[in-house]
Amino acid sequence: MSENSMTAASRQRSDLRRQLERVISLSIPAILAEISSMAMQYIDAAMVGSLGAKASASIGLVSTSTWLMGGLCISVATGFSVQAAHLIGAERQEEAKHVLRQAFSTAIVVGLLLCAVGVSISGWLPAWLGGEENLRADASSYFFIYACALPAVQLRQLSGSMLQCSGNMKTPSILNAAMCGLDVIFNWLLIFPDHHLPFLGITIPGADMGVAGAALGTALAEWVTAALMVFAVSVRSPMLRLTGRGSWKLTPQCASAAAKIALPMAFEHTVLCGAQIASTRIVAPLGTVSIAANSLAVTAESLCYLPGYGIAAAATTLVGQSLGAKRKDLARRYARLSVLLAVILMAAMALVMFFAAPLVFAMLTPDPAVRELGVRVLRIEAFAEPLYAVSIAAAGALRGAGDTFVPSLLNLTSMWGVRITAATILAPRLGLTGVWLAMCGELCVRGLLFLVRLLREKWLEHAMVI
């Protein structure tokens, strides 16, 4: 091999190593943020689970609906944050600040609208989902309180996404971890009755609100964290700090760019969560134990896919900034490295989840029937995690390129064509096990569809660059 060839090969290895280090350096804070989010779900599940299967089932009944609302908030946030990533990559920071102002104006309006919708349907939602009569009151109050926090959820998601797309993964991670700690404190005070601390000789009063207390604790944590996140991006961020005067009015250009990204994402989340809501209706007739096991298994599974979502957030930032800098070759490499890293980490986490499932459920609920069923279905899901990783990380990379429409169609095909169809057939025969077998098969199909989309690179040819 000639000296020039050796030098070129060495340079390529060095570039690849730097790119991988860049993916990892941005992924770690995002993964830590996902860990804090997962920890909050575990905390809620464990605290409420200690009240019994009925309490867990009440939250599980409306959990897919809360995911839908949260997904719509993420869609709005992404519509603006991807624009900011492109502008920052092109070193057009002042224009990125204009996008941030318009994003805040839009976020407040959308958050209030979602809040109004959620509050208005909260009384009827549990019945629409087929919940048993004894679950409806708690489920309704939980969703009502969650809906009141949706403006905060929207502002937190937007501010966090803007910070991430500016390359600041650390601050959102710290604040999301703080939100987890606040959730513990608020839940402890609101869910349970008085707490006697003999070593201090004092009694701390508790609200004894049960399921409603879990919702209120989460809502309060969301509002406090949202305020801190808005402060971080608008006052403390070196790239996006809002100084001087600027228009907060949404311009046609910014609105159009946001809509092209956000509307397909909103459709995607509606498709996914709509399918999950349909799945809830399939699970609901199976009884309280199945509803509780299903809800807790979904929470436990987050242990597996949190690295994927952290890497996806990094992929959105890196692909978006690379395209803003007119480096399609770099965007391609970042996308593929992100997918590879997600597969490795989620496969490792799946192995841990398979063997640790009994321990996880022992922490989440004291009910032996719920534990047994939950462990069984959770182990089924472990086999889908590597291909699930492909779909998660690839979707993050595609979002960075503004490619959200085709992925939404892929999710529509996969969720409704595979998961819901198979679950409808299998649930009457195999119970909750059949529902999770359908889920496992669907996630594998979805991963293959996203892999084909990523490798064909039409998303790169037609990338939307601001």
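See the structure above.
All of these numbers come straight from a predicted model, not from anything done at the bench.

**Q** Report on the overall build of the protein chain, specifying residues and quantitative values.
**A** Within the protein chain, the secondary structure is distributed over 16 helices and two strands. For 466 residues, the compact-globule estimate of 2.2 N^0.38 gives 23 Å, and the protein chain sits close to it at 22 Å. Counting contacts in the protein chain only where the partners sit at least 6 residues apart, residues at least 24 apart contribute 84% of the total. In the form shown here, the protein chain has an accessible surface area of approximately 19,100 Å², with 67% of it arising from carbon and sulfur atoms. Where the 34 positive side-chain charges of the protein chain centre and where its 26 negative ones centre are 10 Å apart.

**Q** How would you explain the packing of aromatic side chains if you had to name every residue and give the values?
**A** Within the structure shown, the criterion is met by five aromatic pairs. Note on Tyr305 and Tyr309: the rings are 5.5 Å apart at their centroids and 80 degrees apart in plane angle, and the pair reads as edge-to-face. Pair noted here: Tyr305 and Tyr309 are both in helix α10 (residues 288-324), with a separation of four residues, about one helical turn. Assessed through its relative accessible area of 34%, Tyr309 is described here as partly exposed. Feature note: the residues Tyr305, Tyr309 and Tyr388 constitute an aromatic cluster, connected by ring pairs. In this structure, Arg379 packs its charged tip against the face of Phe354, placed 5.1 Å from the ring centre.

**Q** Any chance you could break down the nonpolar core for me, citing the residues and the numbers?
**A** The nonpolar side chains of a soluble globular protein tend to be buried, and buried together. Val319, Phe361, Leu432, Val435, Trp436 and Trp459 are the most contacted members of the largest nonpolar core, which has 74 residues in total. Not counting chain neighbours up to four residues away, the residues in contact with Leu432 comprise Val283, Leu286, Ser290, Ala293, Asn294, Leu373 and Val377. Grouped together as the second largest cluster of nonpolar side chains are 32 residues, Val48, Phe192, Ala215 and Cys273 included.

**Q** Residues and numbers for the pattern of salt bridges, please.
**A** Opposite charge on two side chains allows them to pair when their charged atoms are near. Overall, the coordinates contain 13 salt bridges when judged by the stated rule. Between Arg156 and Glu222 there is a salt bridge, with the nearest N and O atoms lying 2.6 Å from each other. Of this pair, Arg156 sits in helix α6 (residues 150-165) while Glu222 sits in helix α8 (residues 211-236), and the two are 66 residues apart along the sequence. With respect to class, Arg156 is no different from Glu222; both count as buried.

**Q** A description of a nonpolar patch on the surface should follow, citing residues and the corresponding values.
**A** On the surface, a nonpolar cluster with roughly 440 Å² of combined accessible area is contributed by Phe267, Phe405, Leu409, Leu412 and Trp416. Among the elements that make up the nonpolar patch, the one with the highest residue count is helix α14 (residues 405-430) (four residues). Following the sequence through the fold, Trp416 ends up in helix α14. Judged by relative accessible area, Trp416 falls into the partly exposed class, the value being 37%.

Conventions we followed
Residues numbered from 1 in each chain as written. Predicted model: local features only at pLDDT ≥ 70, side-chain atom pairs only at ≥ 80, totals over all residues. Heavy atoms only, no water. Helix = DSSP H or I, 4+ residues; strand = E, 2+ residues; numbered from the N terminus. Rg over C-alpha atoms; globule rule 2.2 N^0.38 Å. Contact = heavy atoms within 4.5 Å. Areas by Shrake-Rupley, 256 points an atom, 1.4 Å probe, with all protein chains shown as cover. Lys, Arg positive; Asp, Glu negative; His and termini not counted. Charge placed at Lys NZ, Arg CZ, Asp CG, Glu CD. Phe/Tyr/Trp six-rings, centres within 6.5 Å; stacked < 30°, edge-to-face > 60°. Buried < 20%, exposed > 50% of the residue type's maximum accessible area, 1.4 Å probe, protein only. Lys NZ or Arg CZ within 6 Å of the ring centre and 35° of its normal. Core = buried A, V, L, I, M, F, W, Y, C linked by side-chain atoms within 4.5 Å. Salt bridge = Lys/Arg side-chain N within 4 Å of Asp/Glu carboxyl O. Patch = residues over 30% accessible without salt bridge, like charges linked within 9 Å, V, L, I, M, F, W, Y side chains within 5 Å.

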